[in-house]
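Notes for the structure review
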Amino acid sequence: MDSTNQGVAAQAGRRGGSAPALLAIEALVKVYPTGQRALDGVSFTIPAGQRVGMIGSSGSGKSTIVNLLLRFWDYHEGQIVLGDHDLREYRAEDVRALI
């Protein structure tokens, strides 16, 4: 890991040494190779230190969001922000260690 990525990962993981950083998903779009939209403009924010659960019917995008958050997949439009940085600035293994 280079020093830039180490700094980004450290900043995102903890603020003030105690609470995890904010997670924001803004106008997220994910399109499968078949052309089917799995997510279409999804937005929500999870404040620092909070936990959430996702519920929904089969095919509503729960697993897609998890795969995007863990950087197994990439999204087509929108943004995921962890701390003060775009999720794409992190190495995948660093994101997985933080979440």
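The preceding data block contains the structure.
Counting restarts for each chain: residues are numbered from 1 in the order of the written sequence. Whole-chain, interface and lining totals are the exception, using all residues; otherwise, since this is a predicted model, local features are given only for residues with pLDDT of at least 70 and side-chain atom pairs are given and counted only at 80 or more. Side-chain numbers come from the whole structure's heavy atoms, not from hydrogens or water.

All right, on to the overall build of the protein chain then. Secondary structure counts use DSSP, requiring at least four H or I residues in a row for a helix and at least two E residues in a row for a strand, with both numbered from the N terminus. What the protein chain contains, in helices and strands, is three helices and four strands. Reading the helices (α) and strands (β) of the protein chain from amino to carboxyl end gives α-β-β-α-β-β-α. Split into buried and exposed, the 99 residues of the protein chain put 33% on the buried side. Partitioning the contacts of the protein chain with sequence separation of at least 6, the portion at a separation of at least 24 is 53%. Surface exposure here means Shrake-Rupley accessible area, sampled with a 1.4 Å probe, where a residue is shielded only by the protein chains that are shown. When the accessible surface of the protein chain is totalled, it reaches about 6000 Å², and 50% of it is carbon and sulfur. Per-residue accessibility, obtained with a 1.4 Å probe over protein chains only, is compared with the maximum for each type, and a residue is labelled buried under 20%, exposed over 50%, and partly exposed between these values. Note on contacts: a residue pair qualifies if any of its non-hydrogen atoms lie within 4.5 Å across the two residues.

With that settled, the discussion passes to the side chain of Asp 86. Mapped onto the fold, Asp 86 is located in strand E4 (residues 85–86). Working convention for charge: Lys and Arg count positive, Asp and Glu count negative, and His plus the chain ends are omitted. What counts as a salt bridge is simple: a side-chain nitrogen of Lys or Arg found within 4 Å of a carboxyl oxygen of Asp or Glu. Nearest to the buried, unbridged Asp 86 among oppositely charged side chains is Arg 88, at 4.8 Å. For Asp 86, the side chain forms a polar contact with the side chain of Gln 79, separated by 3.1 Å. Among residues more than four places away in sequence, those in contact with Asp 86 are Tyr 75, Gln 79 and Ile 80. Residues adjacent in sequence count toward polar contacts only when both atoms are side-chain atoms; beyond that, a polar contact is any pair of N or O atoms within 3.5 Å, and within protein one must be able to donate a hydrogen and the other to accept it.

Further remarks concern the pattern of salt bridges. This model, assessed by the stated rule, comprises four salt bridges. Close ionic contact of Asp 40 with Arg 37 constitutes a salt bridge, the shortest N to O distance being 2.9 Å. Note that Arg 91 and Glu 93 form a salt bridge whose closest N and O atoms lie 3.3 Å from each other. When its relative accessible area of 29% is taken as the criterion, Arg 91 is described as partly exposed. On the basis of relative accessible area, Glu 93 is assigned to the partly exposed category, the value being 44%. One continuous salt-bridge network, built from bridges that share partners, spans Arg 91, Glu 93 and Asp 94.

A pair of aromatic rings is counted whenever rings of Phe, Tyr or Trp (Trp by its six-membered ring) have centres within 6.5 Å, and the orientation is called stacked for planes under 30 degrees apart, edge-to-face for over 60 and tilted otherwise. On inspection of all chains with the given rule, the structure shows one aromatic pair. Their ring planes at 90 degrees and their centres at 5.9 Å tell us that Tyr 32 and Trp 73 sit as a pair that is edge-to-face. Separated by 41 residues along the polypeptide, Tyr 32 in the loop between strand E1 (23–31) and strand E2 (37–46) and Trp 73 in the loop between helix H2 (62–69) and strand E3 (77–82) bring together distant segments of the chain. A positively charged side chain is recorded as over a ring if its NZ (Lys) or CZ (Arg) lies within 6 Å of the ring centre. The angle to the ring normal must also be within 35 degrees. Positioned over the ring face of Tyr 75 is Arg 88, at 3.8 Å from the centre of the ring. Taking NZ or CZ as reference, Arg 96 lies 4.0 Å from the ring centre of Phe 72, over its face.

Both E1 and E3 contribute to a ladder of five bridges, which runs antiparallel. Bridging across to E3, Ile 25 finds its partner in Ile 80. As paired strands, E3 and E4 are joined by two bridges and run antiparallel to one another. When the bridges of E4 are listed, Val 81 appears paired with Asp 86. Any two strands between which DSSP finds at least two bridges are classified as paired. Hairpin connection from E3 to E4: two residues lie between these consecutive antiparallel strands, with Gly 83 at a positive phi of about 70 degrees.

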